[in-house]
Amino acid sequence: MEVNKKSNLYMEVDEDILRLMVKKHFPTQSFEKYELLAGGLFNTTYKVTIAGKIYVFRIGPVNTHLLMDFEHGMMQAETYLYELLKEKGIPCQEVIVCDTSRNVIDRDYMITRFIDALPLHNEKIPQEDRPTIRIRVGHYMRMMHEITGKYFGRVSLILAGKGHDTWKDYIFNELNRIEKSCKPFGFLCESEWEDVYDLFNKYSYLFNEITTPYLNHGDLWAGNLLCAKVDGSYKLVSIIDVDRAVFGDIDYDFASGYMMSEWFVQGYGRELDMGENAQLRRKLYTVIFNLIEVYVRGAQYNEPKCCEENKLAAIKTVKELMG
């Protein structure tokens, strides 16, 4: 099995640590076996069998000094958000434990019920099943986007008392946080940061049009949509990894374009806003996405090529919009 070895945030744990976790949270049940799950970059994840039942142990990152502000407290945010989604009838993970006490290991960790499913991008899911799945994704995203909050911003920061009264305030604070994280690594030079701020100042009036904080997934792509075979065909069974969620403009979720398709739109029940201001905002959000990826890929995951690609994409969009 291939597991990630290059991320600065990822670190495997000994079996003894997993056993201590089981002893703390399942004191009367027997630890049977465990399996390291591949693909982790941020968290380190294990499938653990306890008394015949299977759970997922997701252990938070090491080198937490490399985390961006909103990446602290994400497990608490995710636990809170799954409760919101359940109340709306949106399929999501069942959290058994969210432990931030650091008395077993000096890392936050979460235990969830194991779901025997595949991410939507997995090639094993037949093409004929995908339209129906995407329709359901659109349907549930519309339900998620109907959930409103009191403040704007990352849910992890809102729960820490750092929400924003306006969307514009959140956007500029997000830029400040990204710049602060990137600066020590020199990913962008001073003039490039000045160009970014000039662009956002030029179009800052667009953010004032967003007056209601709607819940965005924040990381909406096929890898965060789990599908399982039900009655002979694959169906959506869980929306996962909502820890980067944002209360704000619903176009934030649509800026990446990852999930957009005729099937998604059919399920969502409303066409994408093609007004000039909405299109401009989505392009501005892609700059934010790219800048976050510059830091994540460059400082956290040791992927210099991907870091540079995102930097070039951000600069290209900035130049295009500045004319």
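Residues numbered from 1 in each chain as written. Predicted model: local features only at pLDDT ≥ 70, side-chain atom pairs only at ≥ 80, totals over all residues. Heavy atoms only, no water.

## Details of the overall build of the protein
Each helix and strand counted, the protein has 10 helices and 11 strands in total. Expected size for 323 residues packed as a compact globule is a radius of gyration near 20 Å; at 20 Å, the protein falls within 12% of this value. Seen through its C-alpha atoms, the protein measures out along the principal axes to roughly 65 × 45 × 35 Å. Of all 323 residues assigned to the protein, the portion counted as buried reaches 53%. A separation threshold of at least 6 residues defines the contact pool for the protein, and within that pool the share at least 24 residues apart is 70%. (Helix = DSSP H or I, 4+ residues; strand = E, 2+ residues; numbered from the N terminus. Rg over C-alpha atoms; globule rule 2.2 N^0.38 Å. Buried < 20%, exposed > 50% of the residue type's maximum accessible area, 1.4 Å probe, protein only. Contact = heavy atoms within 4.5 Å.)

## Things to note about the sheet that holds strand 1 (residues 31-36)
Pairing within the open sheet is antiparallel, and its 5 strands lie in the order 1-2-3-5-4. Edge positions in the sheet fall to strand 1 and strand 4 (95-99), since each has one partner strand and no second. Neighbour-to-neighbour, the strand axes of this sheet turn through a mean angle of 20 degrees, independent of strand direction. In the packing of helix 2 (residues 74-88) onto the sheet, contacts are made with strand 3 (53-59), strand 4 and strand 5 (109-113), and the angle to strand 4 comes to roughly 150 degrees. (Pairing = 2+ DSSP bridges. Axes fitted to C-alpha atoms, helices over the stretch in contact; angles between N-to-C directions.)

## Regarding the state of the cysteines
In total, this model carries 0 disulfides according to the counting rule given. Unpaired in this structure, Cys 92 has its nearest cysteine sulfur neighbour in Cys 98, at a distance of 14 Å. Of the cysteine sulfurs around Cys 227, a residue in no disulfide, the closest is that of Cys 92, at 15 Å. (Disulfide = S-S within 2.5 Å.)

## Brief notes about the packing of helix 6 (residues 190-202) against helix 10 (residues 304-322)
Axis separation between helix 6 and helix 10 bottoms out at 10 Å; the angle between their running directions is 45 degrees. The pairing of helix 6 with helix 10 is recorded here as oblique in orientation. Here the hand of the crossing between helix 6 and helix 10 comes out left-handed. Side by side, helix 6 and helix 10 meet where Glu 192, Asp 195, Val 196, Asp 198, Leu 199 and Lys 202 of the first sit next to Lys 311, Ile 315, Val 318, Leu 321 and Met 322 of the second. Class assignment of the residues belonging to the contact of helix 6 with helix 10 gives a composition of 6 nonpolar, no polar and 5 charged. (Parallel < 35°, antiparallel > 145°, perpendicular 65-115°, else oblique. Left-handed = near helix turned anticlockwise from the far one by under 90°. Nonpolar A, V, L, I, M, F, W, Y, C, P; charged D, E, K, R; others polar.)

Structural measurements only, silent on function.
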